[in-house]
Amino acid sequence: MISGAEIQLPADAVYAIQLDGKGGSVPITADTQASAGQPCWLHMDYTFQETQNWLNGTPLLPDAVRVCLGGESMRPRVTRLGDGTMIILRSINFNRDSRPDQLVVIRLFMTDKLVVSTRHRKVFAIDEVLTDLQNHTGPVSSGDLLVQIADALTDHTSEFIEDLHDKIIDLEDNLMDNQVPERGQLALIRKQLIVLRRYMSPQRDVFSRLASERLPWMTDDDRRRMQDIADRLGRGLDDLDGSIARTGILADEIATQMADSMNRRTYTMSLMAMLFLPTTFLTGLFGVNLGGIPGNTSRFGFSIFCGLLLVLVGGVVWWLKRSKWL
């Protein structure tokens, strides 16, 4: 048993609750007695000073996890430490003034009686689990809590992948109409896809390992549900791979369309130059201020010269069409 007096809560903890074993929760007090049927959950922001002091001083945590919970570890992984397990996960960032691909990190140390989680930026999946607890439809044990957190994280990831998929479809439809996307738009989508692929792949492995290891605080049903979550995230990774390939094809198509557009402009300019080259030569020749220019004394000389230029332009146009250049 772990008592509330042993926990000695930091004043700046984000959440400090005890699961009641029935889908709800109650605040942790000095009289709280944590057990496998009613574990305690402490959720904290590791940048707060009192939280840092608590992490460094509490006897409830092994020394090996203090640094991890304090914000040093970033990549998704799972480490088993005796009866406890250290888990690091990533979440889509839905915070204001942040891009979703700037993923949020959540760190959890879990036993059958105690769950300690830390983060800096807000994790909306955690808030969803807390809302379920307030509605008495939340987790009933440590294993159930982890499964519901993983499920919410994967839901958010799947929604973001689907959103990126829709953006790629819009880009493909616009390209069919010869509408080139704004500069940097495709690059941002590709970056988001690659970042998700980088972190969600090890997170899928974390879920699979949690499903396969015989952790004492996870039931067979928890492990089955965790494997379902790992499989769902795996399907999302397959979609990511397909989307990355499609953005490569889009980039090639955009480059082709831009090259074609440039070639058409260059071709048009070449035809214009070819069309006016003979007339430019003649106007330059007749424009020299020297004696002996034909027609310089005739009142109809300029009109005759303009008419000849028109005939010459018409002849060049006829020749271009005959040569199938126009």
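*Asks:* Please clarify how the packing of aromatic side chains should be interpreted in this entry.
*Replies:* The relation between two aromatic rings is expressed through the spacing of the ring centres and the mutual angle of the planes. One pass over the full model with this rule turns up two aromatic pairs. Judged by centre distance (6.1 Å) and plane angle (90°), the ring pair of phenylalanine 94 and phenylalanine 124 falls under edge-to-face. Separated by 30 residues along the polypeptide, phenylalanine 94 in the loop between β7 (84-91) and β8 (104-110) and phenylalanine 124 in helix α4 (residues 124-134) bring together distant segments of the chain. Its guanidinium or amino end placed over the ring of tyrosine 199, arginine 90 lies 4.2 Å from that ring's centre, counting from NZ or CZ. Between lysine 122 and the ring centre of phenylalanine 124, over which it is positioned, the NZ or CZ distance is 5.0 Å.

*Asks:* How should I be thinking about the sheet that holds strand β9 (residues 114-119) in this particular structure?
*Replies:* Think of a sheet as strands paired side by side through backbone hydrogen bonds, with each pair either parallel or antiparallel. Here we have seven strands laid out as an open sheet, ordered β3-β2-β5-β9-β8-β7-β6, and mixed in their pairing. The open sheet terminates on both sides in strands that have one partner only, identified here as β3 (25-27) and β6 (77-81). Between one strand axis and the next, the sheet turns through 20° on average, direction left out of account. Pairing of strand β2 (residues 15-19) with strand β5 (residues 40-45), which is carried by four bridges, proceeds in the antiparallel orientation.

*Asks:* Even after reading the chapter, I still don't get helix α8 (residues 301-322), so can you show me in this structure?
*Replies:* Three- or four-residue spacings in an α-helix give side chains the same orientation, since the helix completes a turn every 3.6 residues. If you check α8, its first and last C-alpha atoms are 31 Å apart, about what 22 residues at 1.5 Å a residue would give, namely 32 Å. Looking only at α8, the buried set comprises Gly301, Phe305, Leu309, Val316 and Leu320. Along the axis of α8, the buried residues cluster in a sector spanning 90°; they form a single face. For α8, the exposed residues lying more than 90 degrees away from the buried face are Ile304, Leu310, Val311, Trp318, Lys321 and Arg322. Lysine 324 sits one or two residues past α8 and shows a positive phi near 60°.

*Asks:* What is the right way to read the environment of glutamate 50 from this model?
*Replies:* Relative to the elements of secondary structure, glutamate 50 occurs in helix α2 (residues 49-57). Classification of glutamate 50 as partly exposed rests on a relative accessible area of 41%. Each C-alpha atom, one on glutamate 50 and one on leucine 108, is 18 Å from the other, the two residues being 58 residues apart in sequence. Ignoring sequence-local partners within four residues, the contact set of glutamate 50 consists of Pro10, Ala11 and Asp12.

*Asks:* Hey, could you run me through unusual backbone geometry in this one?
*Replies:* Only a minority of non-glycine residues have a phi that is not negative, and only a minority of peptide bonds are not trans. In the Ramachandran plot, histidine 136 falls in the positive-phi region, its phi being about 60° despite a non-glycine side chain. Tracing the backbone through its elements, the reader meets histidine 136 in the loop between α4 and α5 (142-176).

*Asks:* Looking at this structure, I do not really get the pairing of β8. What am I missing?
*Replies:* Note on strand geometry: in a regular strand, side chains alternate between the two faces of the sheet. For β8, a buried count of seven out of seven residues is recorded, marking the element as mostly surrounded by other parts of the structure. Residue alternation in β8 divides its side chains into two sets, Val104, Ile106, Leu108 and Met110 and Val105, Arg107 and Phe109, and both sets are buried. Bridge count between β8 and β9: four bridges; the pairing is antiparallel. Along β9, the bridge assignment pairs methionine 110 with valine 115.

*Asks:* Looking at this structure, I do not really get the packing of α5 against helix α6 (residues 185-212). What am I missing?
*Replies:* A packed helix pair is summarised by two numbers, namely the angle formed by the two axes and the spacing between the axes. Relative to each other, α5 and α6 sit at 155°, their axes nearing to 11 Å. Classified by the angle between their axes, α5 and α6 sit roughly antiparallel to one another. Handedness of the α5/α6 crossing: left-handed. Residues Leu146, Ala150, Leu153, Thr154, Thr157, Phe160, Ile161, Leu164, Lys167, Ile168 and Leu171 of α5 form the contact with α6, whose own contacting residues are Gln185, Leu186, Ile189, Gln192, Leu193, Leu196, Met200, Gln203, Phe207 and Leu210.

What counts as what
- Residues numbered from 1 in each chain as written.
- Predicted model: local features only at pLDDT ≥ 70, side-chain atom pairs only at ≥ 80, totals over all residues.
- Heavy atoms only, no water.
- Phe/Tyr/Trp six-rings, centres within 6.5 Å; stacked < 30°, edge-to-face > 60°.
- Helix = DSSP H or I, 4+ residues; strand = E, 2+ residues; numbered from the N terminus.
- Lys NZ or Arg CZ within 6 Å of the ring centre and 35° of its normal.
- Pairing = 2+ DSSP bridges.
- Axes fitted to C-alpha atoms, helices over the stretch in contact; angles between N-to-C directions.
- Expected span 1.5 Å × (residues − 1).
- Buried < 20%, exposed > 50% of the residue type's maximum accessible area, 1.4 Å probe, protein only.
- Arc of directions from axis to C-beta.
- Contact = heavy atoms within 4.5 Å.
- Parallel < 35°, antiparallel > 145°, perpendicular 65-115°, else oblique.
- Left-handed = near helix turned anticlockwise from the far one by under 90°.

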